[in-house]
Amino acid sequence: MHPNKKRLRRSMMFLNCQKPGLIKDPYIYKPDSIMLDLEDAVAENQKDAARYSLFHALQEIDYHGVERVVRINGLDTPHWKEDIRVCVAGGADTIRIAKTETAQDVRTVEEHVLAAEREFGRPEGSTLLMAALESCKGVLNALEVCQSSDRLIGIALSGGDYTKDLQTTITGTGVELMGARQHMIMAARAAGVQCWDTVFTNLDDMEGFEKETRMIKLMGFDGKSLVNPRQIAVVHKVFTPAEKEIVFAEKVVREIDDKKAKGIGVFTVDGKMIDIAFYDGAKRTLAMAKAAGVYKGEL
Ligand SMILES: CC(=O)SCCNC(=O)CCNC(=O)[C@H](O)C(C)(C)COP(=O)(O)OP(=O)(O)OC[C@H]1O[C@@H](n2cnc3c(N)ncnc32)[C@H](O)[C@@H]1OP(=O)(O)O
Ligand SMILES: O=C([O-])CC(=O)C(=O)O
Ligand SMILES: [Mg+2]
């Protein structure tokens, strides 16, 4: 498996490739990933200029370990083939396929990525893929998209275009996105890939943003697409296990190991019933805490 397939992706911040001022140093905000956008943030007559900036940024800027995702234009545009060549030539870590609808869309992109890896002498299989689902058809096909390719690391809900297709609007209540969110997270888990929630565009409503972030964390998402550096700290706070969760998870793992050796299946930890069903969840909490740099233990 590619070493970065399962890396921590709590915060994935979009930035517009049309704006060199934005793409030159976003690592200072310490998101887990940046998403350099060639799609909707870039005006139609600026696509070439955006690709040119992107190529030089990928080649010349040290992003200090922040994952460099590039969002390419959809397969219904004249741009995506050249977008892929520039991403691969520049050495992007991951390509986000905008407006993905089917498993075949992912496979088509994969063929072009492989051809570009050969053309530019990049290791075959080094470029990862994520698929943005932005229509009812795309969301309904979530499972086949998740199972489409070994390069595919996960699926992202794109609520703006999705609600347009659904013929509603984003209200901030989450009602209109609930079905898609639930469906996508189940598909991603069934296929063993990651799943990210859509952007929150009201930058003046930080309270609403935190509420939504807490909700999607509870739903099972791995993180969220973001549009602004102010949103990163909130997402990291919500998605990084707190000290008391880490302590409890350590106790659960140790107690299950200990009780198993003694032939005991069910018992309590801090007044809560625990059995083997809780083992993987506790292990996941510790792995996440370790990846986030807040846990140094060996469990
Ligand atoms: C529906 C979709 O398709 S979403 C995906 C496409 N959208 C995007 O890519 C938009 C990304 N976001 C942005 O461009 C901007 O955040 C905007 C236009 C929404 C708001 O911009 P501003 O009003 O300037 O935001 P704000 O005042 O919070 O900026 C503060 C600082 O953060 C920087 N900043 C803002 N957004 C970003 C970003 N996404 N990435 C990196 N830096 C950013 C600004 O340049 C500014 O830096 P400075 O203090 O050195 O001047
Ligand atoms: O991917 C996202 O969250 C942003 C986007 O394109 C959309 O909402 O349509
Ligand atoms: Mg969109």
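Up top is the structure these notes are about.
Remember, predicted model here, so these are calculated numbers, not experimental data. (Residues numbered from 1 in each chain as written. Chains lettered and ligands numbered in written order. Predicted model: local features only at pLDDT ≥ 70, side-chain atom pairs only at ≥ 80, totals over all residues. Heavy atoms only, no water.)

Lay out the overall build of the chain in plain terms, naming residues and giving numbers.
Looking only at helices and strands, the chain has 12 helices and 10 strands in total. In terms of overall dimensions, the chain is globule-like: its C-alpha atoms have a radius of gyration of 20 Å, near the 19 Å expected for 299 residues. On the principal axes, the C-alpha backbone points of the chain span a range of 65 × 45 × 35 Å. For the chain, the residues scored as buried account for 49% of the 299 residues in total. A separation of at least 24 residues holds for 69% of the contacts in the chain among residues at least 6 apart in sequence. Carbon and sulfur atoms provide 53% of the accessible area of the chain, an area that totals close to 14,200 Å². (Helix = DSSP H or I, 4+ residues; strand = E, 2+ residues; numbered from the N terminus. Rg over C-alpha atoms; globule rule 2.2 N^0.38 Å. Buried < 20%, exposed > 50% of the residue type's maximum accessible area, 1.4 Å probe, protein only. Contact = heavy atoms within 4.5 Å. Areas by Shrake-Rupley, 256 points an atom, 1.4 Å probe, with all protein chains shown as cover.)

Outline the coordination of the magnesium ion (ligand 3), supporting the account with residue identities and numerical values.
Protein coordination at the magnesium ion (ligand 3) comes from Glu134 (OE) and Asp161 (OD), with a distance range of 2.1 to 2.2 Å. Here the residue Glu134 occupies a position in the loop between strand S5 (128–133) and helix H5 (136–140), and Asp161 occupies one in helix H7 (residues 159–166), the gap between them amounting to 27 residues. According to the relative accessible area criterion, Glu134 is buried, its value standing at 4%. On the basis of relative accessible area, Asp161 is assigned to the buried category, the value being 16%. (Donors = N, O, S within 2.8 Å, 3.2 Å for Na, K, Ca; no water.)

Can you explain helix H10 (residues 232–239)? Please cite residues and give values.
H10 sits mainly inside the fold: 6 of its 8 residues count as buried. Along H10, the residues that are buried comprise Ile232, Val234, Val235, His236, Val238 and Phe239. Elements that come into contact with the buried residues of H10 comprise strand S1 (11–16), helix H9 (206–219), strand S8 (223–226) and helix H12 (279–291).

Talk me through a nonpolar patch on the surface; I want residue IDs and the actual numbers.
A grouping of Val266, Met273 and Phe278 is seen on the molecular surface, where their side chains present a nonpolar patch of about 290 Å² in accessible area. With respect to the secondary-structure elements, Met273 resides in strand S10 (residues 272–274). (Patch = residues over 30% accessible without salt bridge, like charges linked within 9 Å, V, L, I, M, F, W, Y side chains within 5 Å. Salt bridge = Lys/Arg side-chain N within 4 Å of Asp/Glu carboxyl O.)

I'd love a proper account of the packing of helix H11 (residues 243–261) against H12, names of residues and values included.
H12 packs onto H11 with a crossing angle of 135 degrees between their chain directions and a minimal axis gap of 9 Å. Relative to H12, H11 is oriented oblique. Seen along the crossing, H11 lies across H12 with a hand that is left-handed. Taken together, the residues of H12 that come into contact with H11 (itself represented by Glu245, Ile246, Ala249, Glu250, Val252, Val253, Ile256 and Asp257) are Tyr279, Ala282, Lys283, Thr285, Leu286 and Ala289. Per-class residue counts for the contact of H11 with H12 are 9 nonpolar, 1 polar and 4 charged. (Axes fitted to C-alpha atoms, helices over the stretch in contact; angles between N-to-C directions. Parallel < 35°, antiparallel > 145°, perpendicular 65-115°, else oblique. Left-handed = near helix turned anticlockwise from the far one by under 90°. Nonpolar A, V, L, I, M, F, W, Y, C, P; charged D, E, K, R; others polar.)

Can you explain the site of ligand 2? Please cite residues and give values.
Near ligand 2, the surroundings consist of Phe14, Arg71, Arg96, Glu134, Leu157, Ser158, Gly159, Gly160, Asp161, Thr198 and Val199. Between ligand 2 and Glu134 there is a distance of 3.2 Å, counted from an oxygen atom to a side-chain nitrogen or oxygen. Contact between ligand 2 and Ser158: an oxygen atom at 2.6 Å from a side-chain N or O atom of the residue. Relative to its unbound accessible surface of 260 Å², ligand 2 loses 90% to contact with the protein. (Near = heavy atom within 4 Å. Polar contact = N/O pair within 3.5 Å; in protein donor to acceptor, adjacent residues only side chain to side chain.)

Describe the packing of aromatic side chains, naming the residues involved and giving the relevant values.
For the structure on display, the rule yields 2 aromatic pairs. Ring centres 6.2 Å apart and planes at 85 degrees place the aromatic pair Tyr27 and Tyr63 in the edge-to-face group. With Tyr27 in the loop between helix H1 (20–23) and strand S2 (33–37) and Tyr63 in the loop between helix H2 (47–60) and strand S3 (67–72), the pair connects residues that are 36 residues apart, well separated along the chain. Take Tyr27: its relative accessible area is 23%, and that puts it in the partly exposed class. What makes Tyr63 buried here is its relative accessible area of 3%. The residue whose ring lies beneath Lys259 is Phe267, and the NZ or CZ to ring-centre distance is 5.0 Å. Between the NZ or CZ atom of Lys272 and the centre of the ring of Phe248, over which it lies, the distance is 5.2 Å. (Phe/Tyr/Trp six-rings, centres within 6.5 Å; stacked < 30°, edge-to-face > 60°. Lys NZ or Arg CZ within 6 Å of the ring centre and 35° of its normal.)

Nothing here speaks to function; it is geometry throughout.
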